[in-house]
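For reference, the chains in residue letters:
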Amino acid sequence: MDWIDTLLIPAIKAIVVTLGLLVGFAYMTLAERKICARFQLRYGPNQAGPFGIFQPIADALKAIFKEEVIPKHVDKWLYVLSPVLAMAPAILAFAVIPVGRPIVIAGRTITLQLADINVGLLYPMAVAGLGAYGIVLGGWSSNNNYSLLGALRTTAQIISYELPMALSLVSLVVVTGTLRMSGIVEYQAALPLIVLQPIGFLIYFICGLAETNRSPFDFPETENELISGYNTEYGGIKFALFFMAEYINMIVVSALVATLFLGGWQGPILPGWLWFFIKTAVILFVFIWVRASLPRARYDKLMHFCWKFLTPLAALNLLVTAVVVLILR
Amino acid sequence: MSIVNVLKGFYEILKAMAVTLKYFFTKPLTVQYPKEKIRLYPRFRGRHELQRRPDGLELCVGCGLCAAICPARAIYVEAAENTDDARYSGTERYARLYEINYTRCIFCGFCEEACPTGALKLGHEFALARASRGELVMGKETLLQPATPHAIILED
C-alpha cells in the first residue's frame with residue numbers, strides 16, 4: 001500500500017464515476033425522451049445531430065446560460081443550497097457499486113468499485129435518504145404553497161417507502177450473509193438473487209420507483225396539481241441540478257437493482273462491465289416503460305399501500321427467508 | 001386491501017404494460033413534415049382557388065353570393081363591367097376586387113357551394129402562416145394561382 005493505492009487510484013476512480021454519472025445523466029434524459037416518445041408513437045428529439053445525440057448538450061448549454069433568477073420571497077441560503085443537497089448524495093451513492101470484474105494493471109489489482117466498504121449495502125440507503133433533504137428544503141425555502149405541498153408529499157413518501165425497502169434488503173442480507181457489495185455480487189456467481197428473492201426484488205423495485213420520485217409515484221413534482229411541486233421556483237442550472245439528481249438517482253437505483261438482484265457484473269461470455277451496463281440499462285428501460293404506462297397514484301394511496309401491504313409483506317418475506325436459511329444451514 | 005385485489009391489480013398492471021410495449025414496437029405516426037409530405041384527403045378544405053375557363057377567362061362573375069353566405073364575413077367582392085378592351089370573364093360582369101380575409105375564414109366551404117359558376121374551389125393549400133395580418137387578406141392575384149401544397153392527395 002503506497003500513495004498510488006491509497007490516493008491516486010481512488011481519485012481517478014472518483015473522477016471516472018462522477019463524469020460517468022454526469023454523461024449517463026445527460027444521455028438518460030435523451031433516452032427517456034426518445035423511449036417515451038416511441039411508447040406514444042412519436043419519434044422524440046431527432047433534429048440535433050444524428051438521432052438527436054447532441055440534444056443533451058444543447059439542453060445543458062441552455063440551462064447554464066439561463067438568467068439566474070432568485071425570487072425575492074425565498075430563503076436565499078437554503079434555496080441555493082438545496083439543489084446541491086439533492087444532487088450530491090445521488091452521485092455519492094454510486095461509490096459502493098462494483099461495475100466490473102477486478103482488473104490488473106502493472107501488477108496492481110484494481111477493483112472496479114470506488115470503495116468496497118464493509119457496510120456497502122447500508123451506505124447507499126443512508127446517502128439516498130439524505131437526498132430527500134434537498135427536495136424537502138427546496139420546497140420549503142421556495143416559500144410557495146405548491147412547493148411546500150410537494151415537499152410535504154416527499155416527507156410522506158419517504159417515511160412510507162423506506163421501511164419496506166430496508167426490510168427487503170435485510171432479507172437479502174440474511175441470504176448472502178454479508179453487507180459488502182463485492183460479497184453480494186460474488187454470492188450471485190451461480191444464481192442471481194432475483195430467483196431466491198423474487199418478492200424482495202419486487203418490493204425493492206416498487207420502493208425504488210418511489211425513492212426516485214418516478215411515475216407512478218412522482219408526487220413531489222406532480223405537474224398537473226402542483227405545477228412541478230418542489231422545483232416550481234427554480235430555473236436554469238439550479239433546476240437542472242434537481243433534474244440531474246432525479247436521473248442520477250434513477251441510474252443509482254437501477255445499478256443497485258442490477259447489483260443486488262440480477263447478479264451485478266456476473267455473466268457468461270461478455271466482459272463484466274458490459275453485463276453490468278446491460279442489466280442497468282434494462283432496469284432503466286423498465287423505469288421509463290412504467291412511466292409511459294401507468295398514471296400517477298394518489299399519495300395517500302402510496303402510504304396506504306406501503307404501510308398496510310408492502311411493509312407486512314416485506315416482514316413476512318424476511319421471516320420466511322430467515323427460517324429457510326436457518327433450516328438449510 | 002385483500003391479497004386477491006393486489007394480485008388482480010398486479011395482473012392488470014402487467015396487462016397495461018404489455019399494451020404499451022406493443023406500441024413501443026409500432027412505427028411512429030409522426031410525419032417528419034418538411035422532409036415528408038402530409039397525406040390529405042381530396043375533400044380537404046384549404047386555401048381558396050379561383051378557377052379559370054379553358055380559354056383563360058375567369059369563371060367568377062362577381063355576383064357576391066359567396067360574400068353573402070359567408071358566415072365569417074371573410075369575403076369582399078366588388079364587381080365591374082367587362083368591356084371589349086378589358087375582358088376578364090365570359091359574362092357581362094367580373095370581380096374587379098376579390099379579397100378573402102384569412103384571419104376570419106373558417107374554411108366551412110359554404111362559398112364553394114354558393115358559387116353559381118363553380119369559380120370558387122377550396123384547394124389543398126394549408127400552409128397559410130404569414131408574417132403580418134395584412135398579408136392574410138389575399139386578393140385575386142394570389143387566389144387565382146393554383147396552389148402546390150406540400151402534400152400527397154389521397155384517393156377519395
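Residues numbered from 1 in each chain as written. Chains lettered and ligands numbered in written order. Predicted model: local features only at pLDDT ≥ 70, side-chain atom pairs only at ≥ 80, totals over all residues.

*Asks:* Before we go on, may I ask you to explain the overall build of chain B in this structure?
*Replies:* Regarding its fold elements, chain B presents four helices and seven strands. Compactness check: chain B gives a C-alpha radius of gyration of 25 Å against a globular reference of 15 Å for 156 residues, more than 25% above the reference. Dimensions of chain B, computed from C-alpha atoms along their principal axes, come out at roughly 90 × 30 × 30 Å. (Helix = DSSP H or I, 4+ residues; strand = E, 2+ residues; numbered from the N terminus. Rg over C-alpha atoms; globule rule 2.2 N^0.38 Å.)

*Asks:* Explain the overall build of chain A here, please?
*Replies:* From N to C terminus, chain A includes 12 helices and two strands. When the helices and strands of chain A are read in sequence order from the N terminus, they spell out α-α-α-β-β-α-α-α-α-α-α-α-α-α. The C-alpha radius of gyration of chain A comes to 20 Å, within 12% of the 20 Å expected for a compact globule of 329 residues. Across its three principal axes, chain A shows a C-alpha extent of roughly 60 × 50 × 45 Å. Counting only residues that meet the buried cut, chain A has 45% of its 329 residues in that class. Contacts in chain A between residues at least 24 apart in sequence constitute 78% of all its contacts with a sequence separation of at least 6. (Buried ≥ 20, exposed ≤ 12 C-beta atoms within 10 Å, placed from the backbone. Contact = placed C-beta atoms within 7 Å.)

*Asks:* So what exactly am I meant to see when it comes to unusual backbone geometry here?
*Replies:* Excluding glycine, residues mostly carry a negative phi; peptide bonds, for their part, are mostly trans. Look at asparagine 213 of chain A: it is not a glycine, yet its phi comes out positive at around 55°. Mapped onto the elements of the fold, asparagine 213 of chain A is located in the loop between helix H8 (198-211) and helix H9 (223-226). Residue asparagine 213 of chain A is classed as buried on the basis of its 26 C-beta neighbours within 10 Å. Even without glycine at this site, arginine 73 of chain B takes up a positive phi of about 50°.

*Asks:* Sorry, what's going on with the nonpolar core here?
*Replies:* Burial of nonpolar side chains together is a common tendency in soluble globular proteins. All names here are of chain A. Core analysis: the largest hydrophobic core is formed by 83 residues, its most contacted members being Met244, Ile248, Ile251, Val252 and Val257. With 17 residues, helix H10 (residues 236-260) is the largest single contributor of residues to this core. In contact with valine 252, other than residues within four places in its own chain, are Ala90, Ala93, Phe94 and Pro124. (Core = buried A, V, L, I, M, F, W, Y, C linked by C-beta atoms within 7 Å.)

*Asks:* Please clarify how the sheet that holds strand E4 (residues 93-101) of chain B should be interpreted in this entry.
*Replies:* Hydrogen bonds between backbone atoms are what pair the strands of a sheet, whose relative direction is either parallel or antiparallel. All names here are of chain B. Strand order in the open sheet formed by three strands is E3-E4-E6, and the pairing between neighbours is antiparallel. Either end of the sheet is taken by a strand with one partner, and the two such strands are strand E3 (75-81) and strand E6 (137-138). Bridge count between E4 and E6: two bridges; the pairing is antiparallel. Each residue of the ladder has a partner; that of asparagine 101, found in E6, is valine 137. (Pairing = 2+ DSSP bridges.)

*Asks:* Where do I start with the pairing of E4 of chain B in this structure?
*Replies:* Each regular strand carries side chains that alternate between the two faces of the sheet. Pairing of E3 of chain B with E4 of chain B, which is carried by seven bridges, proceeds in the antiparallel orientation. Of the residues in E4 of chain B, the one forming a bridge with isoleucine 75 of chain B is isoleucine 100 of chain B.

*Asks:* Which parts of the structure should I look at to understand the interface of chain A and chain B?
*Replies:* Size of an interface: often given as the accessible area lost when the parts come together. With 11 residues of chain A in contact, the opposing surface of chain B contributes 13 residues. Those elements that place two or more of their residues in the side of chain A that touches chain B are helix H1 (3-39), helix H11 (272-293) and helix H12 (299-328) of chain A. Taken together, the residues of the side of chain A that touches chain B sort by class into seven nonpolar, one polar and three charged. (Nonpolar A, V, L, I, M, F, W, Y, C, P; charged D, E, K, R; others polar.)

*Asks:* Would you take a moment to explain the packing of helix H5 (residues 145-176) of chain A against H12 of chain A for this structure?
*Replies:* The description of two helices packed together rests on the angle between their axes and the distance between the axes. Residues and elements named next belong to chain A. Relative to each other, H5 and H12 sit at 10°, their axes nearing to 9 Å. Judged by the inter-axis angle, H5 sits roughly parallel to H12. Of the two elements, H5 crosses H12, and the hand of that crossing is left-handed. Of the residues contributing to the contact of H5 with H12, the split by class is 19 nonpolar, seven polar and one charged. (Axes fitted to C-alpha atoms, helices over the stretch in contact; angles between N-to-C directions. Parallel < 35°, antiparallel > 145°, perpendicular 65-115°, else oblique. Left-handed = near helix turned anticlockwise from the far one by under 90°.)

*Asks:* Sorry, what's going on with the pairing of strand E1 (residues 100-105) of chain A here?
*Replies:* Residues and elements named next belong to chain A. Examined bridge by bridge, E1 and strand E2 (residues 108-112) share four bridges and lie antiparallel to one another. Bridged to isoleucine 103 within E2 is isoleucine 110. A loop of two residues connects E1 with E2, the two strands running antiparallel in sequence, and alanine 106 in this loop sits at a positive phi of about 50°.

*Asks:* Looking at this structure, I do not really get the environment of lysine 72 of chain A. What am I missing?
*Replies:* Mapping lysine 72 of chain A onto the fold places it in the loop between helix H2 (55-65) and helix H3 (76-92). Expressed as a C-alpha distance, the spacing of lysine 72 of chain A and asparagine 143 of chain A, which sit 71 residues apart in the sequence, is 9.8 Å.

*Asks:* Would you mind going over the environment of proline 10 of chain A with me for this structure?
*Replies:* Examined against the element boundaries, proline 10 of chain A turns out to sit in helix H1. Residue class for proline 10 of chain A comes out partly exposed when judged on the 13 C-beta atoms lying within 10 Å of it.

*Asks:* What should I look at first to understand the confidence of the model for chain B in this one?
*Replies:* All names here are of chain B. The pLDDT averaged across chain B works out to 87; a share of 99% of its residues lies at or above 70. For chain B, strand E7 (residues 151-153) is the element with the lowest average pLDDT, namely 80, and helix H2 (residues 65-69) is the one with the highest, namely 91. In the predicted assembly, ipTM is 0.70 and pTM is 0.80. (pLDDT = per-residue confidence, 0-100.)

*Asks:* Sorry if this is basic, but what is going on with H11 of chain A here?
*Replies:* Quick reminder: α-helices carry 3.6 residues per turn. Residues three or four places apart thus point the same way. Here H11 of chain A is 22 residues long and its end C-alpha atoms lie 32 Å apart, about the 32 Å a rise of 1.5 Å per residue gives. Among the residues making up H11 of chain A, those that are buried are Trp275, Phe276, Lys279, Thr280, Ile283, Leu284, Phe287, Ile288, Val290, Ala292 and Ser293 of chain A. The inward-facing, buried residues of H11 of chain A abut H1, E1, H8 and H10 of chain A together with helix H1 (3-24) of chain B. (Expected span 1.5 Å × (residues − 1).)

*Asks:* Looking at this structure, how should I read the packing of H5 of chain A against H8 of chain A?
*Replies:* Residues and elements named next belong to chain A. Across the interface, H5 lies against H8 with an axial gap of 9 Å and an inter-helix angle of 150°. Compared by their axis directions, H5 and H8 come out roughly antiparallel. Here the hand of the crossing between H5 and H8 comes out left-handed. Contacts between H5 and H8 involve Gln157, Tyr161, Pro164, Met165, Ser168, Leu169, Ser171 and Leu172 on the former and, on the latter, Gly200, Ile203, Tyr204, Cys207, Ala210 and Glu211. Here the contact of H5 with H8 is built from residues that sort into nine nonpolar, four polar and one charged.

*Asks:* How should the environment of threonine 148 of chain B be read in this particular structure?
*Replies:* All names here are of chain B. Looking at the element boundaries, threonine 148 is found in the loop between helix H4 (140-143) and E7. Overall, threonine 148 belongs to the exposed group, with 9 C-beta atoms counted inside 10 Å. Considering only alpha carbons, one finds threonine 148 and glutamate 125, 23 residues apart in sequence, at a separation of 6.8 Å.

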